[in-house]
Every structure is written in C-alpha cells, then in structure tokens.
Amino acid sequence: VQLQASGGGLVQAGGSLRLSCEASGRTFSSYIMGWFRQAPGKVREFVATISWSGGRIYYADSVKGRFTISRDSAKNTVYLQMNSLKPEDTAVYYCAAGSGLIRSTIATPTRYDYWGQGTLVTVSS
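Residues numbered from 1 in each chain as written. Predicted model: local features only at pLDDT ≥ 70, side-chain atom pairs only at ≥ 80, totals over all residues. Heavy atoms only, no water.

Trainee: Help me understand the overall build of the protein in this model?
Mentor: Across its full length, the protein carries 0 helices and 11 strands. Order of helices (α) and strands (β) in the protein, N terminus to C terminus: β-β-β-β-β-β-β-β-β-β-β. A compact globule built from 125 residues should have a C-alpha radius of gyration of about 14 Å, and the protein, at 13 Å, falls within 12% of that. Principal-axis analysis of the C-alpha atoms gives the protein an extent of 40 × 30 × 25 Å. (Helix = DSSP H or I, 4+ residues; strand = E, 2+ residues; numbered from the N terminus. Rg over C-alpha atoms; globule rule 2.2 N^0.38 Å.)

Structure, rendered in structure tokens:
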C-alpha cells in the first residue's frame, strides 16, 4: 500500500500550487482521502477530504475558498489545488487514506490508516 504525494515547492504569496497524491497497492474505493499539513513546531492539522465517489468534501476553515480538493478515480489520484497561498500555508503536506470515518472523526489524523511521505510547500512573503 502506497500513497505518493508530489507537487510541493516554493511559491510567492498569492501564488498557486497543485499537489497530487497517487494511491496504489490496494483498492481505495471505500476510503476517504484526506490532506493534512504540519508546519515546523506545530501539530499535524486537517486541510481537506474527499471520497472516491466525489462526495464527503470538507475543508478546514483556514483554506475554504482558496483550496480545492478533487480526484481522478481512473488515475487513483487525489489533487489539492491551492490558490491565493499565504506564508502561513507553509508546511509539509501529507495525503492519507482512512476507512470507517464519520463527520466527527474526519479531521482526526489518528483515524487514518495510510499516509504518504509528505511534500513541502513553502510560501514566501
């Protein structure tokens, strides 16, 4: 089972990046896919989720209106389009897959079963 995250980089404030997370090694159709991030010295925090059916889309308040999560089931890939980036968005971004999640647990990192290796996003001011 592998989740491969990519797409991070250095961008100026106000810029955009698109992260990708390719899933392989098993069938994830019943899983919720999530993006989390962790800034230096801070705990890992929820960013967004989506189910493979395209529903169960939720965003953290801090990214609503700026980030968009989507998926391509044919490619087993989940995307996070990040626009209007701010310096406080700087973090390592992780994708994760979890099963049996409900609305109250969807933002809890420990409820996810599989994690990618993370991709660094740095937003300069």
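Trainee: Would you explain the state of the cysteines in this entry?
Mentor: Working definition: the covalent bond between the sulfur atoms of two cysteines is a disulfide. Counting across every chain of the model gives 1 disulfide. With its sulfur 2.2 Å from that of its partner, Cys21 forms a disulfide with Cys95. A torsion of 70 degrees about the S-S bond marks the disulfide between Cys21 and Cys95 as right-handed. Within this pair, whereas Cys21 is found in strand E3 (residues 17–24), its partner Cys95 is found in strand E9 (residues 91–98), the two being separated by 74 residues in sequence. (Disulfide = S-S within 2.5 Å.)

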